[in-house]
Amino acid sequence: MPVLCSRCEIKKAHLKRPKTGHSLCKECFFWVFEEEVHHSIVSAKLFNRGETVGIGASGGKDSTVLAHVMKVLNERYDYGLNLILLSVDEGITGYRDDSLETVKRNQEQYELPLKIVSYEELYGWTMDTIVKQVGLKNNCTFCGVFRRQALDRGAMMLEVDKICTGHNADDVAETVLMNFLRGDIARLRRCTAISTGSEGAIPRCKPLKYAYEKEIVLYAYFKKLDYFSTECIYSPNAYRGHARSFLKDLESIRPSSIIDVIHSGENLSVKEEVRMPIQGNCARCGYISSQKLCKACVLLEGLNRGLPKLGIGKHHKLQDKLLKSQPLTEEEEKKFKMISF
Amino acid sequence: MCDLDEGSNEDSMGRDSVKRISSKCMKCKESPALLIIRVGDAFCRNCFKEYFVHKFRAMLGKNRLVFPGEKVLLAVSGGPSSSSLLFQVQEGLSHKASKKLRFVPGIVHIEEGAACGKTLEERTKIVADLKSIFSTSGFPFVIVYLEEVFSLPSSVLQSIFSLPTEKDDLYKDAVAGFMQSCHTSVKKNLCHETVAQETTLTEDHTHASLLSTHAHANETSISAFRGKFPFSPEQTEAVKKLFASMKTLTAKEEMLQTLRKHLILYTARIKGYSKVMMGDSCTRLAVKLLANICLGRGAFLAMDTGFSDPRHGDITIIRPMREYSAKEIAFYNKLFGVPSVFTAGLNTKAPEKASIQHLTESFIVKLQADFPSTVSTIYRTSEKLNPRYSQTPADDKGTETCLLCSCVLGIELRDEASAFCAISISEELSQSKKPEGGQVSSSTMEECCAENKMETLESSGCSCQSRERRNTTPDFWSLLCYSCKLVVKDMTSLDLLPEYILEEANRRQRRTQIKREIQEYLLTSEDDADTAP
């Protein structure tokens, strides 16, 4: 006997929801998934009517589903938003060039304007050239720091009011775990916020914050959405990998774990006397930074000086020197040159 | 160790420690080194002992929570950590100690064989081993069996909440008072005499009937035990049934911990102890911290793992072993012959993914092997968390606490834009609108959803309003915190819970009902004070 959809109780169930275990038919699943994103958007008051919203689009499943759902909801509930796709080209041959093709197809399918900013035009470096100099060990640090800023710069060029990204519940839970493991109390406090950075930077939000990765895949699969699903060719972040596989194991034991971790993260309260980094602006590029020079500028300085390890690890003692473009001592230079792996 | 360029001098560090192993103790620089606790820290036997003992006293001294002459109950499971705790207290109270500890200890052991499927013979043997360890300590001790949860009164769950007051002043007064009483009394044996007196006094306490049968066990020698258990075979069956009714090991472990806590609290209360010492090590706490995050207990992390846990009001739980790593304890126990007893627990020999707690433990242990600072980093993160006493009102009238874990319910985020709400929306949307959903098993879930639905529809982001609403459908779920709800969700039947829990649940539900009836005559809403986030 076929299992009936637990929602409409008429149609045959097509799938079992990873989040709650309910059996649903395709149509009900779509509806439920979209309604939940709608609820996240409305309850957290993510957008206001008339705003221009940049959707961070990588061509992967999360951002493809995000773009699709945003478009659907914008029409269904008449948010009155002006949606734009915003992509970053890191310059990774065999990976990003392919995924950007997907984004371009999405642009046509969803009839949304698209803006691509590249590392090359912003920083004068592509990830390919960076990896050539840095090697495969710390390259993700560069990519991550640069991408964050690139998205903001692209958004500024387009004069968008807000950026939304495809971070899903798994990503948020994983970040909670990782920040906890690393003892990064400042990030631990920030990472569960559904929207961030109202002062100075362009506000960002995560409408898929409570959507399970598995459900996003299911949604994309049943909607037959066109997305790119290859891992980056440069090795993924090892430490995050630990948190990721741990979370996957947790989910297999108790499916609600992902939401449970987020619930924990949302309810952590940090002692008032714990010192938090003060947010200022980078003296060189003006981007938000807790130091005089922002991380991206330090990393870039390191690349340009041929000292790629400069930005990896701690560097606050050298900030003044870097800011005044003074040369480093020989000893310092030796430390930040590449050591062979 | 944590200087600027951690990355680049890894290999020089390695060389350093190799060099130091062969050399002298880093502290006295005389005796040959015997063990390495952390990279580069080689200790000789004596210096290690001194370091270990100092850490224990420093922990108690720094926090100044244990008053001189106060009765402190040591919760000893028989494992390495709590056995080490017992040993530290023994040493600290012995005449050899240069500065004697001034509190009055007693021991409690919760015997959980029934939940772990052990036979009576196995259990008797373990208890006999423990008793021989306990009696050499000379402290009064109690063995409490898990079965006894079926004869607990519901008053266990009614905590008298008191705000932490000016500790320093209290402590000073207590010390002054203690010194005076020491001077007026005859000689130094005083401490032990008062123990004896106090124990016999509290033995006659009104509640004492339950535990008194074996409370004197240490006086009447071990042989008196001989197969006489303070519980019936039916109660053993009831324990087994309760644990069999739980679908996941994760929930079983949580339940066992809850029941154990209740038994310890009860024992402390009827025997007049005001502090309970637990033996959680730094390693154990790191595991507990991460596991609790995964179990949705984020709001209570600081209380669940901090040095002191005041949530039970009259009885404070403290964790003086929290700065020792499991490795340090193992070394100490081995070097100084601290006896411990191995008891197989619920998850012994279970596969890695058997439960969230078990998975977390193996995850941390593995990560610690690759990144040696994992445990201490997690531990230090926990130090920065706020226990949030401030949000609990001074008068206990309006404070709703979780039926099972006694944490304050009002401090969990429950507004519309929260994970708490997101998951209930998901549950609600995935089901048909008709209230009679079909299967029996999901009926409880629906009740929960109905409650949440009302909450989300009615509330406008204001949690105190939604709390009022929630009370209009008083049910079991509303008495639990987020995490304990997950535990109960994994149970097939609520009826198997011990009577005292069900009774207390009824009492609380009745109270909310009454309160609702008289609501319009109350001038100030009790809930106003404690629900503001």
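Just so you know, these numbers come straight off a predicted model, no measurement behind them.

### Here we look at the overall build of chain B
Phase 1: Looking only at helices and strands, chain B features 20 helices and eight strands.
Phase 2: Classification of the 533 residues of chain B by burial places 53% in the buried group.
Phase 3: Residue pairs in contact within chain B that sit at least 24 positions apart in sequence constitute 74% of those at least 6 positions apart.
Phase 4: Just so you have it, chain B exposes about 24200 Å², and 56% of that area is on carbon and sulfur atoms.

### Observations concerning the UniProt feature "binding site: ATP" (unreviewed entry) in chain A
Residue and element names in this part refer to chain A.
Phase 1: As recorded in UniProt, the sites labelled "binding site: ATP" (unreviewed entry) are Gly-56, Ala-57, Ser-58, Asp-62, Val-88, Gly-166 and Asp-171.
Phase 2: Judged by relative accessible area, Gly-56 falls into the buried class, the value being 13%.
Phase 3: Residues within four places of Gly-56 in sequence aside, it is in contact with Ser-63, Leu-86, Leu-151 and Cys-164.
Phase 4: For Gly-166, the location among the structural elements is in the loop between strand E6 (162-164) and helix H7 (169-182).

### Brief notes about a nonpolar patch on the surface
Phase 1: On the surface, a nonpolar cluster with roughly 400 Å² of combined accessible area is contributed by Ile-514, Ile-518, Tyr-521 and Leu-522 of chain B.
Phase 2: By secondary structure assignment, the location of Ile-518 of chain B is in helix H19 (residues 499-518).

### Regarding the sheet that holds strand E3 (residues 71-75) of chain B
Residues and elements named next belong to chain B.
Phase 1: Pairing is mixed in the open sheet, where six strands are placed in the order E5-E4-E3-E6-E8-E7. Looking at the sheet topology across the chains shown, the edges are occupied by strand E5 (141-145) and strand E7 (308-309).
Phase 2: As judged from the three bridges shared by strand E6 (residues 275-277) and strand E8 (residues 316-318), these two strands associate in the parallel manner. Across the sheet, residue Met-277 finds its bridge partner in E8, namely Ile-318.

### Here's the deal with the packing of aromatic side chains
The geometry of two aromatic rings is summed up by the distance between their centres and the angle between their planes.
Residues and elements named next belong to chain B.
Phase 1: Tallying each qualifying case throughout the model produces 24 aromatic pairs over all chains.
Phase 2: A centroid spacing of 5.1 Å and a plane angle of 35 degrees characterise the contact between Phe-43 and Tyr-51, whose relative ring orientation is tilted. Of the two residues examined, Phe-43 and Tyr-51, each falls in the buried class.
Phase 3: Put simply, the rings of Phe-43, Phe-48, Tyr-51, Phe-52, Phe-87, Tyr-324, Tyr-332 and Phe-336 pair up and form one aromatic cluster.
Phase 4: Note that Lys-275 overlies the ring of Phe-67, its terminal NZ or CZ placed 5.0 Å from the centroid.

### Quick word on the interface of chain A and chain B
Phase 1: Counting from both sides, the interface comprises 50 residues of chain A and, opposite them, 59 residues of chain B.
Phase 2: With both sides pooled, the region where chain A packs onto chain B buries about 5100 Å², and carbon together with sulfur makes up 64% of that total.
Phase 3: The tally of links between chain A and chain B comes to two salt bridges.
Phase 4: We note a salt bridge from Asp-249 of chain A to Lys-353 of chain B, for which the minimum N-O separation is 3.3 Å.
Phase 5: Where chain A touches chain B, the interface holds 14 residue pairs in polar contact (both at pLDDT 80 or more).
Phase 6: Elements with a minimum of two residues in the side of chain A that touches chain B: helix H1 (26-43), H7, helix H8 (185-190), helix H10 (238-253) and helix H11 (257-267) of chain A.
Phase 7: When residues in the side of chain A that touches chain B are grouped by element, the largest group, nine residues, is from H11 of chain A.
Phase 8: Partitioning the side of chain A that touches chain B into residue classes produces 21 nonpolar, 14 polar and 15 charged.

### Some remarks on the domain arrangement of chain A
A common way to report how large an interface is uses the accessible area buried once the components associate.
Residues and elements named next belong to chain A.
Phase 1: Assigned domains within chain A: domain 1 (30-267) and domain 2 (280-336).
Phase 2: Taken residue by residue, the interface counts 15 residues in domain 1 and 15 residues in domain 2.
Phase 3: Interface area, domain 1 with domain 2, both sides summed: about 1300 Å², of which 72% is carbon and sulfur.
Phase 4: Here domain 1 and domain 2 share zero salt bridges between them.
Phase 5: For the pair domain 1 and domain 2, the number of links is two residue pairs in polar contact (both at pLDDT 80 or more).
Phase 6: Mapped onto the side of domain 1 that touches domain 2, the elements with two or more residues apiece are helix H5 (127-134) and helix H6 (139-158).
Phase 7: In terms of residues, the side of domain 1 that touches domain 2 owes the most to one element, H6, which gives eight residues.

### Quick look at the packing of H5 of chain A against H6 of chain A
Residue and element names in this part refer to chain A.
Phase 1: Interaxial distance between H5 and H6 falls to 9 Å at its minimum, and their mutual angle equals 145 degrees. In this structure, the crossing between H5 and H6 has a hand that is right-handed. Contacts between H5 and H6 involve Met-127, Ile-130, Val-131 and Val-134 from the first element and Asn-139, Phe-142, Cys-143 and Phe-146 from the second.
Phase 2: Counted by class, the contact of H5 with H6 contains seven nonpolar, one polar and no charged residues.

### Here's the deal with the packing of helix H10 (residues 282-294) of chain B against helix H14 (residues 374-383) of chain B
All names here are of chain B.
Phase 1: One can describe the packing of H10 onto H14 by two numbers: an axis separation of 9 Å at closest approach and a directional angle of 70 degrees. Accordingly, the angle class assigned to the pair H10 and H14 is roughly perpendicular. Judged by the twist between their axes, the crossing of H10 over H14 is left-handed. In this structure, H10 contributes Cys-282, Thr-283, Leu-285, Ala-286 and Leu-289 to the contact, and H14 contributes Val-375, Ile-378, Tyr-379 and Ser-382.
Phase 2: Class assignment for the residues of the contact of H10 with H14 results in seven nonpolar, two polar and no charged.

### Considering the nonpolar core
Phase 1: Formed by 97 residues in total, the largest nonpolar core has its most connected members in Val-261 of chain A together with Phe-48, Phe-134 and Met-277 of chain B.
Phase 2: Sequence-distant contacts of Met-277 of chain B, that is, excluding residues within four places in its chain, are made with Leu-60, Val-66, Val-72, Leu-73, Leu-74, Ala-75, Leu-85, Phe-103, Ile-318 and Pro-320 of chain B.
Phase 3: Of all hydrophobic cores here, the second largest spans 58 residues; its members include Ala-114, Ala-115, Leu-242 and Leu-256 of chain B.

### Considerations on helix H12 (residues 326-335) of chain B
All names here are of chain B.
Phase 1: Listing the buried residues of H12 in full gives Glu-328, Ile-329, Tyr-332 and Asn-333. The buried residues of H12 occupy an angular sector of 130 degrees when projected down its axis, which confines them to one face.
Phase 2: Buried residues in H12 make contact with helix H2 (45-63) and helix H3 (80-93).

### Digging into the side chain of Ser-281 of chain B
Residues and elements named next belong to chain B.
Phase 1: Residue position: Ser-281 is located in the loop between E6 and H10.
Phase 2: The exposure class of Ser-281 is buried, given its relative accessible area of 5%.
Phase 3: Residues within four places of Ser-281 in sequence aside, it is in contact with Ser-81, Met-321, Arg-322, Tyr-324, Ala-326 and Ile-329.

### Remarks on the side chain of Thr-52 of chain A
Residue and element names in this part refer to chain A.
Phase 1: Relative to the helices and strands, Thr-52 resides in strand E3 (residues 52-56).
Phase 2: Note on Thr-52: relative accessible area 14%, which makes it buried.
Phase 3: When sequence neighbours within four positions are dropped, the list of residues in contact with Thr-52 reads Asn-82, Ile-84, Glu-159, Val-160, Asp-161 and Lys-162.

### Some points on the sheet that holds strand E7 (residues 195-196) of chain A
Residues and elements named next belong to chain A.
Phase 1: Here we have six strands laid out as an open sheet, ordered E5-E4-E3-E6-E8-E7, and mixed in their pairing. This sheet does not close on itself; its edge strands, each paired only once, are strand E5 (114-118) and E7.
Phase 2: Sheet contacts for helix H3 (residues 96-110): strand E4 (82-89) and E5; angle to E4, the most-contacted strand, approximately 165 degrees.

### Quick look at the confidence of the model for chain B
All names here are of chain B.
Phase 1: Across chain B, the average pLDDT comes to 77, with 72% of residues at or above 70.
Phase 2: Within the model, pLDDT remains below 50 along residues 186-226, and this stretch shows 49 contacts once partners closer than five positions in the same chain are excluded.
Phase 3: Every residue in residues 527-533 scores below 50 in pLDDT, and together they form 18 contacts with partners more than four places removed in sequence or on other chains.
Phase 4: Among the prediction metrics, the complex's ipTM stands at 0.86, with pTM recorded as 0.83.

### Some remarks on H1 of chain A
Residues and elements named next belong to chain A.
Phase 1: The terminal C-alpha atoms of H1, which comprises 18 residues, lie 26 Å apart, in line with the 26 Å expected from a rise of 1.5 Å per residue.
Phase 2: Counted residue by residue, H1 has 14 buried out of 18 residues, so it is predominantly covered.
Phase 3: Lys-45 sits one or two positions beyond H1 and adopts a positive phi of about 45 degrees.

### Quick look at the domain arrangement of chain B
Residues and elements named next belong to chain B.
Phase 1: Under the domain assignment, chain B is made up of domain 1 (64-383) and domain 2 (396-428 + 464-531).
Phase 2: Across the boundary between the two partners, domain 1 contributes 27 residues, which contact 28 residues of domain 2.
Phase 3: Buried area between domain 1 and domain 2, both sides added, is near 2600 Å², and the carbon and sulfur share of it is 64%.
Phase 4: Taken together, the links from domain 1 to domain 2 amount to zero salt bridges.
Phase 5: Counting the contacts that link domain 1 with domain 2 gives ten residue pairs in polar contact (both at pLDDT 80 or more).
Phase 6: Secondary structure elements with two or more residues in the side of domain 1 that touches domain 2: helix H8 (233-244) and helix H9 (249-270).

Thresholds, definitions, all that
Residues numbered from 1 in each chain as written. Chains lettered and ligands numbered in written order. Predicted model: local features only at pLDDT ≥ 70, side-chain atom pairs only at ≥ 80, totals over all residues. Heavy atoms only, no water. Helix = DSSP H or I, 4+ residues; strand = E, 2+ residues; numbered from the N terminus. Buried < 20%, exposed > 50% of the residue type's maximum accessible area, 1.4 Å probe, protein only. Contact = heavy atoms within 4.5 Å. Areas by Shrake-Rupley, 256 points an atom, 1.4 Å probe, with all protein chains shown as cover. UniProt positions renumbered as here; feature names shortened; annotations may be inferred. Patch = residues over 30% accessible without salt bridge, like charges linked within 9 Å, V, L, I, M, F, W, Y side chains within 5 Å. Salt bridge = Lys/Arg side-chain N within 4 Å of Asp/Glu carboxyl O. Pairing = 2+ DSSP bridges. Phe/Tyr/Trp six-rings, centres within 6.5 Å; stacked < 30°, edge-to-face > 60°. Lys NZ or Arg CZ within 6 Å of the ring centre and 35° of its normal. Buried area = accessible area lost by both parts, 1.4 Å probe. Polar contact = N/O pair within 3.5 Å; in protein donor to acceptor, adjacent residues only side chain to side chain. Nonpolar A, V, L, I, M, F, W, Y, C, P; charged D, E, K, R; others polar. Domains from an automatic or database assignment. Axes fitted to C-alpha atoms, helices over the stretch in contact; angles between N-to-C directions. Left-handed = near helix turned anticlockwise from the far one by under 90°. Parallel < 35°, antiparallel > 145°, perpendicular 65-115°, else oblique. Core = buried A, V, L, I, M, F, W, Y, C linked by side-chain atoms within 4.5 Å. Arc of directions from axis to C-beta. pLDDT = per-residue confidence, 0-100. Expected span 1.5 Å × (residues − 1).

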